[in-house]
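Residue-level structural notes
Here are the chains, one letter per residue:
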Amino acid sequence: MLSSLTTKKDIRSFSVSPENLTGEKGKGGLATEGSASWAARELGQGWKVNPYLVIQPGETATLADIKGQGAVKHFWITEVLPAGRLLILRIYFDGSEKPAVEAPLSDFFAHADSCDFRQLSSLAMCVNPAKGMNCYFEMPYYKSFRFEVENIGDRACNLYYQIDCEEKTLPEGSLYFHAQFRRVNPLPYKENYVILDNVKGCGHYVGTYLHWGVKSNGWWGEGEIKFYIDGDTDFPTICGTGTEDYFCGSCNFDVGGYREFCTPYVGMHKVGTTDDTYRCQKYFDMYRWHITDPVYFKEDLKVTIQALGWRSDGRYLPLRDDISSVAYWYSDNLDDEYPPFPDKDGLELI
């Protein structure tokens, strides 16, 4: 990437933020009234008058609604008061009525429990003190894009954000970015957890985030991840060997206890504590970015993972855990069918 900085390019850089909601040239910092009017009252226009949006309970705020052709290159956002899963992010491309991205804001950035900060350092996502959330997945658009956040909580939330973009002619065959959230609690006995299903078209799978709430004693990660590609039915083309193996660890992540780790492509960046009086179960946040090893599909894709622990006499134990995920992929299709999005109770971490 550093070598590409030496090449002349026909690109216009712009960003969308509360200080420039349209991203227009020379239109940043013009507000005379805004969310920080009181703080800027002695300085006036140009002095951080409208740096954040206030989203009221039940309100859906449009962060950006841009026409043209180009790509989102970086998305930074932070919530001043942690809202957990009560803020829902949706991203639309090229006038589609269906969101290509739909996930709780916290889960999209691989942090289901956003009230419990952990540093996340990777190529695709970073969560930095004090919970500055960053996404570096490129998001091409041919005609337009729109970012929305819905507040399903019962209190107002202040959002600071910046969406950094390039206005440019897209290379032929540029694909749309997608991210989809799912959650099952508890997982029915002997059922596989479905990370992604009903994806049609041509594209490639580029990442998985899992939030795993363990509801039993012992090791929980014997389950295999499976990728059903282009017509696979009962058996997949790609079958992993274990949950910790898929996330590029080994042997239960056990080095005298669980060890959190962050690398550019993979990590287990959060292990929930169990020493609080009323928190008796462990939970784990894990990510894997298929940046150098995308899973390509030409027609369709389904991704599942087993939930397996151990029972007596060296036998596997199908688990009934609380599992949620975000799948990330690129494809040429904006018309996939997804299951209904969970309601407020269905999102709550319990």
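Calculation criteria
Residues numbered from 1 in each chain as written. Predicted model: local features only at pLDDT ≥ 70, side-chain atom pairs only at ≥ 80, totals over all residues. Heavy atoms only, no water. Pairing = 2+ DSSP bridges. Helix = DSSP H or I, 4+ residues; strand = E, 2+ residues; numbered from the N terminus. Core = buried A, V, L, I, M, F, W, Y, C linked by side-chain atoms within 4.5 Å. Buried < 20%, exposed > 50% of the residue type's maximum accessible area, 1.4 Å probe, protein only. Contact = heavy atoms within 4.5 Å. Disulfide = S-S within 2.5 Å. Phe/Tyr/Trp six-rings, centres within 6.5 Å; stacked < 30°, edge-to-face > 60°. Lys NZ or Arg CZ within 6 Å of the ring centre and 35° of its normal. Salt bridge = Lys/Arg side-chain N within 4 Å of Asp/Glu carboxyl O. Polar contact = N/O pair within 3.5 Å; in protein donor to acceptor, adjacent residues only side chain to side chain. Patch = residues over 30% accessible without salt bridge, like charges linked within 9 Å, V, L, I, M, F, W, Y side chains within 5 Å. Areas by Shrake-Rupley, 256 points an atom, 1.4 Å probe, with all protein chains shown as cover. Lys, Arg positive; Asp, Glu negative; His and termini not counted. Charge placed at Lys NZ, Arg CZ, Asp CG, Glu CD.

1. Quick word on the sheet that holds strand 14 (residues 193-200)
- In space, the 4 strands of this open sheet follow the order 14-22-16-17, with antiparallel pairing throughout. Strands with a single pairing partner mark the edges of an open sheet, and in this sheet they are strand 14 and strand 17 (238-239).
- Where strand 16 (residues 225-229) and strand 22 (residues 300-305) come together, 5 bridges link them in antiparallel fashion. Counted as the bridge partner of Lys226 is Thr304 from strand 22.

2. Describing the nonpolar core
- Counting 56 residues, the largest nonpolar core has Phe108, Phe147, Ile163 and Tyr328 as the members making the most contacts within it.
- Excluding anything up to four places from it in sequence, Ile163 contacts Phe14, Ser15, Val16, Leu63, Ala64, Val72, His74, Phe75, Phe145 and Phe147.
- In this structure, Leu210, Phe284, Val295 and Ile305 belong to the second largest nonpolar core, which totals 33 residues.

3. Quick notes on the state of the cysteines
- Per the stated rule, a full pass over the model turns up 0 disulfides.
- Its sulfur unpaired, Cys126 is 8.9 Å from the next cysteine sulfur, which belongs to Cys262.

4. Regarding the packing of aromatic side chains
- This model, assessed by the stated rule, comprises 29 aromatic pairs.
- Where Trp219 meets Phe253, the ring centres are 6.3 Å apart and the plane angle is 80°; that geometry is what we call edge-to-face. Separated by 34 residues along the polypeptide, Trp219 in the loop between strand 15 (203-213) and strand 16 and Phe253 in the loop between helix 2 (243-246) and strand 18 (261-262) bring together distant segments of the chain. Side by side, Trp219 and Phe253 carry an identical accessibility label, which is buried.
- On the numbers, 6.2 Å between centres and 80° between planes, the contact of Trp329 with Tyr338 is edge-to-face.
- Look at Trp329 and you get buried, because its relative accessible area is 0%.
- Taken together, Phe75, Phe108, Phe109, Phe137, Tyr141, Phe145, Phe147, Phe177, Tyr287, Trp289, Tyr328 and Tyr330 form an aromatic cluster joined through their ring pairs.
- Note that Arg41 overlies the ring of Trp38, its terminal NZ or CZ placed 3.7 Å from the centroid.

5. Considerations on the pattern of salt bridges
- Considering all chains together, one arrives at 16 salt bridges under this definition.
- Linking Glu150 and Arg90 is a salt bridge whose minimum nitrogen-to-oxygen distance equals 2.8 Å. You can see Glu150 sitting in strand 11 (residues 144-151) and its partner Arg90 sitting in strand 5 (residues 87-93), a full 60 residues away along the chain.
- Arg146 is paired through a salt bridge with Glu148; the nearest N and O atoms lie 2.8 Å apart.
- A residue is classified by how much of its surface remains accessible, and Arg146, at 24% relative accessible area, is partly exposed.

6. Brief notes about the side chain of Arg183
- With respect to the helices and strands, the residue Arg183 is situated in strand 13 (residues 176-184).
- Overall, Arg183 belongs to the buried group, its relative accessible area being 12%.
- A distance of 2.8 Å separates a polar atom in the side chain of Arg183 from a polar atom in the side chain of Asp322.
- Engagement of the side chain of Arg183 in a polar contact is seen with the backbone oxygen of Leu347, the distance being 3.3 Å.

7. Focus: the environment of Ser331
- Structurally, Ser331 is set in strand 25 (residues 322-331).
- As a C-alpha pair, Ser331 and His111 span 220 residues in sequence and 25 Å in three-dimensional space.
- Non-local contacts of Ser331, meaning those with residues more than four positions away in its chain, are made with Leu175, Tyr176, His178, Lys200, Cys202, Gly203 and Phe297.

8. Points about the environment of Gly201
- Turning to its location among the elements, Gly201 is positioned in the loop between strand 14 and strand 15.
- In sequence terms Gly201 and Lys226 are 25 residues apart; their C-alpha atoms lie 19 Å from each other.

9. Some details on a positive patch on the surface
- On the surface, Lys190, Arg311, Arg315 and Arg320 cluster together to form a positively charged patch.
- As for its position among the elements, Arg315 is in strand 24 (residues 315-318).
- For Arg315, a relative accessible area of 42% puts it in the partly exposed group.

10. Overview of the environment of Ala100
- With respect to the element layout, Ala100 can be found in the loop between strand 5 and strand 6 (101-104).
- By relative accessible area, Ala100 is classed as buried at 3%.
- Sequence separation between Ala100 and Tyr142 is 42 residues, and the spatial gap between their C-alpha atoms is 14 Å.
- Among all residues touching Ala100, those that are not within four sequence positions of it are Ile91, Phe93, Phe177, His178, Ala179 and Leu334.

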